[in-house]
Amino acid sequence: MLYVPGSSEKMIKKSQESDSDCIIFDLEDSVAAHRKGAAREAVLHGLNAAPRPGPELAVRINPPSGDHSIASDDLDIILPSRQLQAIVMPKVESSDDVKMVLDKAEHLRQDYDAPLSLILSVESAASLLNMPHIIEEVRSWGKGHLAFISALLFASEDYCAATSIIRTKSRRELLFPRAHMATIAKAYGLAAIDMVCVDYKDASYLAEECRDGRELGFDGKQAIHPAQVAEIQRAFSPSEADVLRAARIKHAYEQSVKDHKGAVGMKEGDSMVMIDAPMLKQASDTLAKARIGKMKIPDVSTEA
Ligand code: COA
Ligand code: MG
């Protein structure tokens, strides 16, 4: 998910070349206070001019939990766009923040076919701890035809600013909140989006951070520079070795079912590993991702 500063017409234009999965036109942190008005107009133009089909189009508004009127003005300008697909909501502190978007959508997007997807950004300790309650409350309103929560997103720098956590290159200090947020996302069937790698010129550090996020169960990652997109997509897709292993597990499991067994041993290198139902589920998820990424699924049925 690539952020594009809403105050930069040059970068908005450049974003049309990106094959990122989602473009987030930003009206918040990357836009100076005195440029908000001009940025709204530039973002609206960027939304409407974006070629279709293309990446999902999102806008990060200013936080309703902050200056209400700035967020309200953002929504008045961008919500009517028929090309708008998602809203990134920063600093979500309570369900009232989401209510503001739903109330506006009720007026400004009455007859629109597709509901908006809402990506909620966790930027404080209270936001993290209250998130299950916020999600449940929003769902209880039954307004999914207008907008629904699709993902949680971890905003590392704001989270550190709010909690006195000292950021290190090891990321050790962020393990708990990142893993906790990913767990909440999974508990509610939402996607989990990992933090920005601010070190945008260091490709090997980005690769390491992506691997770490994927291991924690994140589904994707935010990017701030176009050069980060390809590595993030590579890292969050299964590798050819992952796909081969998944195909072998699926095949071994299917064979074991034919033999009326729930678990079976599979040779892997010099060792033997046990394959059972949860491993089949992991393998099936990997194969589903591979299909989405149009990767070739090897035929392993003839392997010895
Ligand atoms: N979206 C679209 N285009 C971008 C871009 C972005 N996020 N970041 C850089 N580019 C473009 C540049 O305009 C430049 O285009 P050009 O080759 O046509 O001149 C090209 O990509 C290479 O950029 P580069 O010179 O390496 O970087 P920069 O110094 O121009 O910008 C940043 C560096 C960090 C300031 C910039 O990437 C940025 O503003 N990122 C987004 C920040 C943001 O949104 N933060 C809030 C979310 S956390
Ligand atoms: Mg921020």
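All values derive from a computational prediction rather than experimental measurement.

Definitions and cut-offs
Residues numbered from 1 in each chain as written. Chains lettered and ligands numbered in written order. Predicted model: local features only at pLDDT ≥ 70, side-chain atom pairs only at ≥ 80, totals over all residues. Heavy atoms only, no water. 1 Å grid on protein atoms, 1.4 Å probe; cavity = no way out; pocket = protein on both sides within 12 Å on 5 of 7 lines; lining within 4 Å. Points joined across faces, edges and corners; volume = space filled by probe spheres on them. Helix = DSSP H or I, 4+ residues; strand = E, 2+ residues; numbered from the N terminus. Nonpolar A, V, L, I, M, F, W, Y, C, P; charged D, E, K, R; others polar. Domains from an automatic or database assignment. Buried < 20%, exposed > 50% of the residue type's maximum accessible area, 1.4 Å probe, protein only. Pairing = 2+ DSSP bridges. Right-handed = clockwise from strand over helix to strand, strands pointing away.

Caption draft 1: Expanded view of the layout of surface pockets. By volume, the largest pocket amounts to about 770 Å³. Around the largest pocket, the lining is made up of 25 residues, and of these Asp21, Asp219, Gly220, Gln233 and Phe236 lie nearest the centre. Ranked by residue count, the leading element in the lining of the largest pocket is helix H9 (residues 229–236), at 4 residues. By residue class, the composition of the lining of the largest pocket is 13 nonpolar, 6 polar and 6 charged. Looking at which domains feed residues into the lining of the largest pocket, each of domain 1 (2–236) and domain 2 (240–292) supplies at least three. In terms of lining residues, the second largest pocket is bounded by 24 residues, among which Arg214, Pro238, Asp242, Thr286 and Lys289 are the most central. Among the secondary structure elements, those contributing two or more residues to the lining of the second largest pocket are helix H8 (203–215), H9, helix H10 (240–258) and helix H11 (277–292). Of the residues forming the lining of the second largest pocket, the biggest block, 6 residues, is contributed by H11.

Caption draft 2: Representation of the pairing of strand S1 (residues 2–5). Both faces of S1 are covered, namely the face carrying Leu2 and Val4 and the face carrying Tyr3 and Pro5. Relative to strand S2 (residues 22–26), S1 runs parallel, the two sharing 4 bridges. Along S2, the bridge assignment pairs Leu2 with Ile23. Following the chain from S1 across helix H1 (residues 9–14) to the adjacent parallel S2, one finds a crossover that is right-handed.

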